[in-house]
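# Understanding the architecture of this molecule
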Amino acid sequence: MKPLARLKLDPQGVATVLEADPSLGLKGSGLPCALLVRGQDPFGRPLCPRCPVQRELRRGAYRASTPLLFQGRRLRCQGYREGGGFLVELYPERAEPPDLLLELSRLTHHLLQSPERFPEALEDFLRALRLALRMEAAELFLIDPEGHHLILTAYEGLHREAFLERPWFQMGEGYPGIVALKREPLFTHSLHNDPRYLRQKVKQLGYQTYICYPLELPQGLIGVLNLASRDPNLDHQDPLETLSRIGPLFASTLYTLLTRLGEVGLQAIHQHLYRGEISEARLTLLKELQDLSQATGIRLVARSGERWERGLVPPCEMRNCPAWRGEVVGYKNGLPDCPEAQGRPRTCLPLWARGEVVAMVTLFHARPPRPATRPAAPTLWLSRLAVPFLFPSPHQEKADSPELEVYALGQFRLRYRGKELGPKSFGRSGAFQLFKYLLANKDRVLYVEELCETLWPDLPPDRARQELYTLVYHLRKTLPGIVEREGEYYRLKLPENRFLDFERFEELMRKADLEEGLSAFKTLRQALELYKGPLFGDDPYGEWAEAERNYLQDRALSGLLRLGELAEALGYREVAKEAYARALKLEPYLEEAQKRLSFLKG
């Protein structure tokens, strides 16, 4: 149905009348929408100054609507996000249902622009679908990437708690599982007599008509869409015909978005993997998953027992968690209970690669989303492309986590066998400092006298020797085998499977020295991403690292200048400007960088 009026709003709410029925008398474009429409709520109070439509759209919804009184007429104000502003349409209160293909097109456009609003946008669309088809409930189950489970991702309608009784089905189980297996629609008008329907609370509430429709593409099934009503006489032909029209486009939208989520997850870790930062790549994936799921805490666990955590995470042994057997489990969310839950709400998801569970992720929410399984499927799709690279098979040793990881360019960080270590981990803070000194001289043998004179110049020789022996003891206790002694000198013995950011930086810089053009450009960008600041930047006055610190900074400066030149030659002006600006942060009076940056800025 054609709207009575269409208004275009800028981000500040200033309206431009695109078209309007003359009977409305809407004139005066350039005014705030509230002053132009002056709508009232059903009680005659001013509604537009506190416009619920703009409020919801500003919060990220792709559509919102509200009834209003306009000059004594009952209308419905409906708004959509469009570009940087909003499109507002006014309809009669009892207008015809919206064009669902148009609604789906708007949903697709919104999700491509704002994929993080995935769950909320789905619920908004389900509301429009439910009302258009005169249904009381609508729900969407998404299949996990491995095709094992159907997980309730969005629900909209009445009696929410009853429908959340069972938010997870295996293939062939219940109405969603049967439809997913057979890839054919299923409907009934006597739900209470159908033993295939497993949610007893829904039956007890008197629901009779239930329609289950597969969302399928040539690539396979992406999910199942369900509609329910307590009216046993509701005609199922019209909903099925509508679903047959919008189903392929809806399935395509979901598949495109979920595949894009997987690409985002892979892109987030790609740069870290290229530089050899395996643990950093896993932590980056963890951050992406937490942001998407809006979890207050998240834990990622590998088969080897290594763990990575973010946020508020309660303890868990994970010895008997069924997620290791490929099941989706949780606590206080309708999923099968995890035996390790200890009374805390959670969702435990298996992460698959090459047909086996190689890791698991647990989501914790202080206030669980509704439905509680809402973030489960998007989380699995986000991680599906990245997981095979992060958790390879046992024979793929080159991708295993390094035994020792050191990040010394900028803030110093140390990880040993997946565990973060700080000064307190060594028992004596001096042992932590000694390790830094040995790292700065990792290719040299260091005589006892030299160490004592450098680190404790004011102590008597005997006291200095005793201090050195004590710190070496604590260092070996925390990092077994890391220091060797032969006669009167010490040598740092680093494990073969290691990652030192300054060592990797130098390797990539040497590689770039031998390359030209685009290859050199790509290698330099990777190398300079590692240079996050001076060597041992949290120890700026440590003279013992001055020589190595200056050498690496000179390498970074020359690399940034060359990167700028290559970027200019390749036509990447913004990258060139960024490279010269970074060079000036390291050396503010670097004349060459100043000239090139001024030229590029015009």
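Residues numbered from 1 in each chain as written. Predicted model: local features only at pLDDT ≥ 70, side-chain atom pairs only at ≥ 80, totals over all residues. Heavy atoms only, no water.

## Topic: the environment of valine 264
One can find valine 264 in helix α8 (residues 237–275). Valine 264 sits in the partly exposed class, given a relative accessible area of 27%. What valine 264 contacts, discounting residues up to four positions off in sequence, is Glu288 and Leu382. (Helix = DSSP H or I, 4+ residues; strand = E, 2+ residues; numbered from the N terminus. Buried < 20%, exposed > 50% of the residue type's maximum accessible area, 1.4 Å probe, protein only. Contact = heavy atoms within 4.5 Å.)

## A short note on the sheet that holds strand β22 (residues 489–492)
With antiparallel pairing, the 3 strands of this open sheet are ordered in space as β20-β22-β21. This sheet does not close on itself; its edge strands, each paired only once, are β20 (446–447) and β21 (483–486). When β21 meets β22, the two strands line up antiparallel, connected through 4 bridges. Looking across to β22, one finds that valine 483 is bridged to leucine 492. (Pairing = 2+ DSSP bridges.)

## Let's talk about the layout of surface pockets
For the largest pocket, the calculated volume is near 470 Å³. Lining of the largest pocket is provided by 23 residues; of these, Arg63, Ser65, Arg127, Ala128 and Leu131 occupy positions nearest its centre. Mapped onto the lining of the largest pocket, the elements with two or more residues apiece are β3 (63–70), β4 (73–82) and α4 (118–132). Top element by residues in the lining of the largest pocket is α4. It accounts for 7 residues. Tallied by class, residues from the lining of the largest pocket come to 8 nonpolar, 2 polar and 13 charged. (1 Å grid on protein atoms, 1.4 Å probe; cavity = no way out; pocket = protein on both sides within 12 Å on 5 of 7 lines; lining within 4 Å. Points joined across faces, edges and corners; volume = space filled by probe spheres on them. Nonpolar A, V, L, I, M, F, W, Y, C, P; charged D, E, K, R; others polar.)

## Structural notes on a nonpolar patch on the surface
A cluster of nonpolar side chains, namely Leu518, Leu570 and Tyr572, defines an oily patch on the protein surface of about 250 Å² accessible area. Tracing the backbone shows tyrosine 572 in the loop between α17 (546–570) and α18 (573–586). (Patch = residues over 30% accessible without salt bridge, like charges linked within 9 Å, V, L, I, M, F, W, Y side chains within 5 Å. Areas by Shrake-Rupley, 256 points an atom, 1.4 Å probe, with all protein chains shown as cover. Salt bridge = Lys/Arg side-chain N within 4 Å of Asp/Glu carboxyl O.)

## Brief notes about α17
Residues spaced three or four apart along an α-helix point in a common direction, a consequence of the helix completing one turn every 3.6 residues. Taking 1.5 Å per residue, 25 residues should reach 36 Å; α17 reaches 36 Å between its end C-alpha atoms and fits that length. When α17 is considered as a whole, its buried residues turn out to be Arg549, Leu552, Arg555, Ala556, Leu557, Gly559, Leu560, Leu561, Leu563, Gly564, Leu566 and Ala567. Elements in contact with the buried residues of α17: α15 (501–513), α16 (517–530), α18 and α19 (591–601). (Expected span 1.5 Å × (residues − 1).)

## What to know about the sheet that holds strand β18 (residues 413–416)
One open sheet accounts for 4 strands, arranged β19-β18-β17-β23; its pairing is mixed. Every other strand in the sheet has two partners, leaving β19 (419–421) and β23 (498–500) as the edge strands with one partner each. Averaged over all pairs of adjacent strands, the angle between their axes in this sheet comes to 15 degrees, without regard to strand direction. Here helix α9 (residues 278–293) sits on the sheet and contacts β17 (404–407) and β18; the angle it forms with β18, its principal contact strand, is near 100 degrees. (Axes fitted to C-alpha atoms, helices over the stretch in contact; angles between N-to-C directions.)

## A closer look at the packing of aromatic side chains
For the coordinates displayed, the defined rule picks out 16 aromatic pairs. Taking 5.6 Å as the distance between ring centres and 75 degrees as the angle between the ring planes, the aromatic pair formed by tyrosine 175 and tyrosine 197 counts as edge-to-face. One end of the pair, tyrosine 175, is in helix α6 (residues 174–182); the other, tyrosine 197, is in the loop between β9 (186–188) and α7 (200–204), and 22 residues separate them in sequence. Through a chain of ring-to-ring contacts, three or more aromatic side chains come together here, namely Phe412, Phe426, Phe432 and Phe536. Geometry around tyrosine 207 places arginine 230 over its ring, the cationic atom sitting 5.8 Å from the centre. (Phe/Tyr/Trp six-rings, centres within 6.5 Å; stacked < 30°, edge-to-face > 60°. Lys NZ or Arg CZ within 6 Å of the ring centre and 35° of its normal.)

## Considerations on the pattern of salt bridges
Applying the stated criterion to the full structure yields 52 salt bridges. The salt bridge involving glutamate 280 is made with arginine 415; its shortest N-O contact spans 3.6 Å. Here the residue glutamate 280 occupies a position in helix α9, and arginine 415 occupies one in strand β18, the gap between them amounting to 135 residues. Comparing glutamate 280 with arginine 415, the two get one shared label, buried. A salt bridge links glutamate 568 to arginine 596, with the shortest nitrogen-to-oxygen separation between them at 2.3 Å. You can see glutamate 568 sitting in helix α17 and its partner arginine 596 sitting in helix α19, a full 28 residues away along the chain. What makes glutamate 568 partly exposed here is its relative accessible area of 22%. Note on arginine 596: relative accessible area 27%, which makes it partly exposed. What emerges from the salt-bridge pattern is a single network uniting Lys2, Arg6, Glu19, Glu89 and Arg106.

None of the figures reported here should be taken as evidence of function without further support.
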